[in-house]
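Architecture at a glance
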Amino acid sequence: IHVSTDYVFDGGKATAYVENVAVNPQGVYGKSKAAGEDGVGTTLGSHVIARTAWLYSPFGQNFVKTMLRLGRERDAVSVVADEWGSPTSALELARGLLGSAGAGGMIRRRGTGPPITSRAVARRTGGLVRAAFEASAEVGGPVAEVVDIATADWPAKAKRPLNSGLCCDLFAGTFGYRAPDWRPSVVETTVRIVKETPFSN
């Protein structure tokens, strides 16, 4: 089982990326992950390549935890609003990978990902950061105003795909597991982070 990334795509597609779309990484990280996919695919007859994106969890360092920390320190946070992707709970990713590992494994498959949103604004779903702050507020955790900015206004060193939504139909059809909607997962994760971290406003 090889865990890969949305960065293998260039972000120019208007809809979610399905598993058989040709990769076109734009940076060193994406190119190295694409090379890893190629190595696995050409070397191993039996494998699963699972592409994931925008991972968050109660553990380690991740975007949701960073936003909650900034919400404790600031009245407002600037969040890129014109990038679209598939926020993924690391716990749900683990469940999916464990399910694929127990499915016999003699399969060549790649791809997974939950519904698409942006980090800040709504595409019928509400943005990731605003959803996290709303959940945090419900349990007395840190909250900040979210200021939408464009990718061009954020001085990132690595180029990010503007759209990296991932289609998980093949994974779901093969292994019988589909990642749930990100919204309940981010609420659950946010509440857990707030309860386990000494945040205060």
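Residues numbered from 1 in each chain as written. Predicted model: local features only at pLDDT ≥ 70, side-chain atom pairs only at ≥ 80, totals over all residues. Heavy atoms only, no water.

With 15 residues, helix H6 (residues 182-196) should reach 21 Å at 1.5 Å per residue; the first-to-last C-alpha distance of 21 Å fits that figure. Among all positions of H6, only Trp 182, Ser 185, Val 186, Thr 189, Thr 190, Val 191, Ile 193 and Val 194 are buried. (Helix = DSSP H or I, 4+ residues; strand = E, 2+ residues; numbered from the N terminus. Expected span 1.5 Å × (residues − 1). Buried < 20%, exposed > 50% of the residue type's maximum accessible area, 1.4 Å probe, protein only.)

Under the defined criterion, the tally for this structure stands at three aromatic pairs. Note on Phe 9 and Tyr 17: the rings are 4.1 Å apart at their centroids and 15° apart in plane angle, and the pair reads as stacked. With respect to class, Phe 9 is no different from Tyr 17; both count as buried. A cation over a ring is seen here: Lys 13 above Tyr 17, with NZ or CZ 5.8 Å from the ring centre. (Phe/Tyr/Trp six-rings, centres within 6.5 Å; stacked < 30°, edge-to-face > 60°. Lys NZ or Arg CZ within 6 Å of the ring centre and 35° of its normal.)

Glancing now at helix H1 (residues 28-43). Across its 16 residues, H1 extends 22 Å between first and last C-alpha, which sits within 8% of the 22 Å expected from 1.5 Å per residue. All of the buried residues in H1 are Gly 30, Lys 33, Ala 34, Glu 37, Val 40 and Gly 41. Considered in projection along H1, the buried side chains sweep an arc of 120° and stay on one side of the axis. For H1, the exposed residues lying more than 90 degrees away from the buried face are Val 28, Asp 38, Thr 42 and Thr 43. (Arc of directions from axis to C-beta.)

Summed over the entire model, instances satisfying the criterion amount to nine salt bridges. A salt bridge links Arg 51 to Glu 37, with the shortest nitrogen-to-oxygen separation between them at 2.8 Å. Here the residue Arg 51 occupies a position in strand E2 (residues 47-52), and Glu 37 occupies one in helix H1, the gap between them amounting to 14 residues. With relative accessibility at 3%, the residue Arg 51 sits in the buried group. One salt bridge in this structure joins Glu 196 and Arg 192, with 3.0 Å as the shortest N-O distance. Of the two residues, Glu 196 and Arg 192 both sit in helix H6, four residues apart, roughly one turn of that helix. Three or more residues joined by partner-sharing salt bridges are found here, namely Arg 69, Arg 72 and Glu 73. (Salt bridge = Lys/Arg side-chain N within 4 Å of Asp/Glu carboxyl O.)

Turning our eyes to something else, we now look at the side chain of Glu 83. Assignment of secondary structure puts Glu 83 in the loop between strand E4 (76-80) and strand E5 (84-85). Glu 83 gets classed as buried once you look at its relative accessible area, which sits at 3%. A polar atom in the side chain of Glu 83 sits 3.1 Å from the side chain of Thr 151. (Polar contact = N/O pair within 3.5 Å; in protein donor to acceptor, adjacent residues only side chain to side chain.)

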